[in-house]
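Listed below are the residues making up each chain.
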Amino acid sequence: MFTSSLLLVTFFSTLAHALPEQSLVPGGIALLGLPDYQPETVVRFDGKRVAVFPYEDSWFAIAGIPLNAKPGDHHFSIEHHNGITLKTRIKVLEKKYAEQHLTIKNKRKVNPNEKDLKRIALERPRKRKAKSTRTDAVPDVDFIWPVSGRISSIFGLRRFFNEQERRPHNGLDIAAAEGTPVKATAKGTVIEAGEFFFSGNMIFIDHGQGIISLYAHLSRIDVKPGDSVDTGDIIGTVGQTGRVTGAHLHFAVIANQTLIDPINMLPKNQPSAELNQ
Ligand SMILES: [Zn+2]
């Protein structure tokens, strides 16, 4: 059965920055208040299990909306312990993302050779495994900026490298000098860390229930899989490894195995770059 969509949380933007901001567009996030939440309750969005977190006296589900989601109706299902399943729908609005044209000097990073392709094929399952990690821990969604700096590329841009179209930009690029410390955006456990063909030195941190952050193009990695990190712990340094045009942090966020716009998870204002050093 369908409940009214009044359950949807529409007042988030006026609350403290500690909460993610709802954005009902492809690449955005949907939030759902769960007044009858019990620990056994399972919440799904378009069939995929989503994370549930407490805030003040209630519980909320957070769902990543895929960048390729069609505008129109999408559904949450709330499966209660007693066998009752409630469904509620949200309307995803259309969003047109701009194009970005970049020139990459190392042409192999745009058109990999046969050896590179073999390496990329080996890396793919490692990335997929990290992206689909789900642990039971109550997720920490109170994110901080991993570095301060100019936003050099926003999420969702349709990308052309050396005039060849590639996948859209799936994270947020923050420009910073090589060697700038990178902080864990929230508490969690390192689930993958290593060097990848396109992403360079990269770290994945699991924050619980499928909320995962990712840090790419690092010059140095200071953590290893299995390490526990607290919000703000230094996990590595900004670099320009992998497919880049200069030193920056590529910061990405995954929820229900979906890459989402990190800007909706971060506080409105960055701490100043001076405070960061
Ligand atoms: Zn990027």
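Section: the overall build of the protein
Point 1. Across its full length, the protein holds one helix and 21 strands.
Point 2. Relative to its length of 277 residues, the protein is compact, with a C-alpha radius of gyration of 19 Å against a globular reference of 19 Å.
Point 3. Over its C-alpha atoms, taken along the principal directions, the protein stretches across nearly 55 × 35 × 35 Å.
Point 4. Buried positions account for 50% of the 277 residues belonging to the protein.
Point 5. When contacts within the protein are restricted to residue pairs at least 6 apart in sequence, those whose partners lie at least 24 apart make up 68%.
Point 6. Carbon and sulfur atoms make up 52% of the accessible area of the protein, which amounts to about 13700 Å² in all.

Here we look at the coordination of the zinc ion
Point 1. Distances from the zinc ion to its protein donors, namely His169 (NE2), Asp173 (OD) and His250 (ND1), fall within the range 1.9 to 2.1 Å.
Point 2. The sequence pattern describing where the donors of the zinc ion fall on their chain is H-x3-D-x76-H. Highlighted residues: histidine 169 in the loop between strand E11 (164-166) and strand E12 (172-175) and histidine 250 in strand E20 (residues 248-255), separated in sequence by 81 residues. Accessibility assignment for this pair places histidine 169 and histidine 250 in one class, buried.

Section: the layout of surface pockets
Point 1. Considering only enclosed or pocket space, the largest pocket measures out at about 1400 Å³ in volume.
Point 2. Forming the walls of the largest pocket are 46 residues, and the residues nearest its centre are Lys127, Arg167, Pro168, Asn170 and Arg243.
Point 3. Per-element accounting of the lining of the largest pocket gives the leading share, seven residues, to helix H1 (residues 114-131).
Point 4. Residue classes in the lining of the largest pocket are distributed as 20 nonpolar, 15 polar and eleven charged.
Point 5. Counting only domains with at least three residues in the lining of the largest pocket, you end up with domain 1 (5-92) and domain 2 (99-276).
Point 6. Of the voids in this model, the second largest pocket is the one considered here, and its volume is about 200 Å³.
Point 7. Lining the second largest pocket are 13 residues, and of these Pro26, Leu67, Lys95, Lys96 and Tyr97 sit closest to its centre.

Here's the deal with the sheet that holds strand E13 (residues 181-183)
Point 1. With respect to topology, three strands assemble into an open sheet ordered E13-E19-E17, the strand pairing being antiparallel. Each edge of the open sheet carries a strand with a single partner, namely E13 and strand E17 (220-221).
Point 2. With two bridges joining them, E17 and strand E19 (residues 234-237) adopt antiparallel strand pairing. Bridging across to E19, isoleucine 221 finds its partner in glycine 236.

Section: the pattern of salt bridges
Point 1. All chains considered together, the criterion is met by twelve salt bridges.
Point 2. The shortest N-O distance in the salt bridge between glutamate 123 and arginine 119 comes to 2.8 Å. Highlighted residues: glutamate 123 and arginine 119, both in helix H1, separated by four residues, approximately one helical turn.
Point 3. We classify glutamate 123 as buried; its relative accessible area is 7%.
Point 4. On the basis of relative accessible area, arginine 119 is assigned to the partly exposed category, the value being 31%.

What counts and how
Residues numbered from 1 in each chain as written. Predicted model: local features only at pLDDT ≥ 70, side-chain atom pairs only at ≥ 80, totals over all residues. Heavy atoms only, no water. Helix = DSSP H or I, 4+ residues; strand = E, 2+ residues; numbered from the N terminus. Rg over C-alpha atoms; globule rule 2.2 N^0.38 Å. Buried < 20%, exposed > 50% of the residue type's maximum accessible area, 1.4 Å probe, protein only. Contact = heavy atoms within 4.5 Å. Areas by Shrake-Rupley, 256 points an atom, 1.4 Å probe, with all protein chains shown as cover. Donors = N, O, S within 2.8 Å, 3.2 Å for Na, K, Ca; no water. 1 Å grid on protein atoms, 1.4 Å probe; cavity = no way out; pocket = protein on both sides within 12 Å on 5 of 7 lines; lining within 4 Å. Points joined across faces, edges and corners; volume = space filled by probe spheres on them. Nonpolar A, V, L, I, M, F, W, Y, C, P; charged D, E, K, R; others polar. Domains from an automatic or database assignment. Pairing = 2+ DSSP bridges. Salt bridge = Lys/Arg side-chain N within 4 Å of Asp/Glu carboxyl O.

Shape descriptors only; they carry no functional weight alone.
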